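Chain residues, written in single-letter form:
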Amino acid sequence: MSSTTPNAHTSVLRTLHRIHRQLTDLRERLARGPKQIQAAEANVQNCEHALQQTRAEAKAMRVASDQKQLQLKSREDKVKDLRRKLNTVSSNREYQVLLEQIAAEEMTNSVLADEVLEALDKIDAFQKNVAEAEAVLAAGKQRTQEVRAEVARQAPSLKTEIARLEAELKQEETGLPEDILQVYHRIVRQKGEDALAAVENQCCSGCNQQVTLNVYSHIMMGTPMLCRSCGRLLYVPE
Ligand SMILES: [Zn+2]
């Protein structure tokens, strides 16, 4: 590799690495926006599903309670019939049997009436769950709107900043001699911002492996070298 104006190369690589890192950060932030919206929308779908289930559960409880009430009504009608029948029986014995039957029916009906009241209480209490699920859904929808607004608000400035840095990157790259530039482009294509690494305490800060004394002395003299472990283009930090 060329070693003309060595310190200038190091300074260019340092700057390029900073720009690459900033670009990666900005691109990630830009890409995060749609993901955040997707996550918020998925949450709303889950909330809608939960609300549907809760409403279905409430409906099933009402249907069961209505059936029980109908059952009670028809059993009470039956008792009325039995009472009317009391007037038509001829024997004392028949009368007694009928009275006992009425008593047994009324006992059963009383239990059923308690069950109906209990079911109605449960339905009342369950309304709280429906209201909660509705509130959670409303909050989820509100959150989605906020996320959308925030993403829309940030996107233009992120895009502007990315474009500015991309231009700055191109400009800065012209400071590298052709042979280094080719190597640099090849590694950037493969590794993105990880194409470059500072040498700190004689170690590649990308992979933490010690660089050889030979490589180190070249870098210290300003000649760009590749890390033998990870292939990053090494430079001396400020
Ligand atoms: Zn390395």
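It should be noted that the structure appears before, not after, this text.
About the cut-offs
Residues numbered from 1 in each chain as written. Predicted model: local features only at pLDDT ≥ 70, side-chain atom pairs only at ≥ 80, totals over all residues. Heavy atoms only, no water. Salt bridge = Lys/Arg side-chain N within 4 Å of Asp/Glu carboxyl O. Helix = DSSP H or I, 4+ residues; strand = E, 2+ residues; numbered from the N terminus. Buried < 20%, exposed > 50% of the residue type's maximum accessible area, 1.4 Å probe, protein only. Donors = N, O, S within 2.8 Å, 3.2 Å for Na, K, Ca; no water. Disulfide = S-S within 2.5 Å. Contact = heavy atoms within 4.5 Å.

## A few points about the pattern of salt bridges
Step number 1: Applying the stated criterion across every chain, the model contains 17 salt bridges.
Step number 2: Between E105 and K78 there is a salt bridge; the shortest N-O distance is 3.1 Å. Pair noted here: E105 is in helix α2 (residues 92–173) and K78 is in helix α1 (residues 6–86), with a separation of 27 residues, a long-range link.
Step number 3: We classify K78 as partly exposed; its relative accessible area is 39%.
Step number 4: Two residues, E161 and R164, come together in a salt bridge whose shortest N-O distance is 2.8 Å. In this pair, E161 and R164 both sit in helix α2, three residues apart, roughly one turn of the helix.
Step number 5: Relative accessible area serves as the criterion here: at 27%, E161 is assigned to the partly exposed category.
Step number 6: For R164, a relative accessible area of 43% corresponds to the partly exposed category.

## Quick word on the coordination of the zinc ion
Step number 1: Note on the zinc ion: its protein donors are C204 (SG), C207 (SG), C227 (SG) and C230 (SG). The metal-donor distances range over 2.2 to 2.3 Å.
Step number 2: Mapping the donors of the zinc ion onto the primary sequence gives the spacing C-x2-C-x19-C-x2-C. A residue pair is termed long-range when its members are at least 10 positions apart, and C204 in strand β2 (residues 203–204) and C227 in the loop between β3 (225–226) and β4 (233–235) qualify at 23 residues. Accessibility classification places C204 together with C227 in one group, the buried group.

## Remarks on the state of the cysteines
Each disulfide consists of a covalent bond between the sulfur atoms of two cysteine residues.
Step number 1: One pass over the full model with this rule turns up zero disulfides.
Step number 2: Unpaired in this structure, C203 has its nearest cysteine sulfur neighbour in C207, at a distance of 8.3 Å.

## So, the side chain of T54
Step number 1: Tracing the backbone through its elements, the reader meets T54 in helix α1.
Step number 2: Setting aside anything within four residues of it in sequence, one finds T54 in contact with F126, N129, V130 and A133.

Keep in mind these numbers describe shape, not what the thing actually does.
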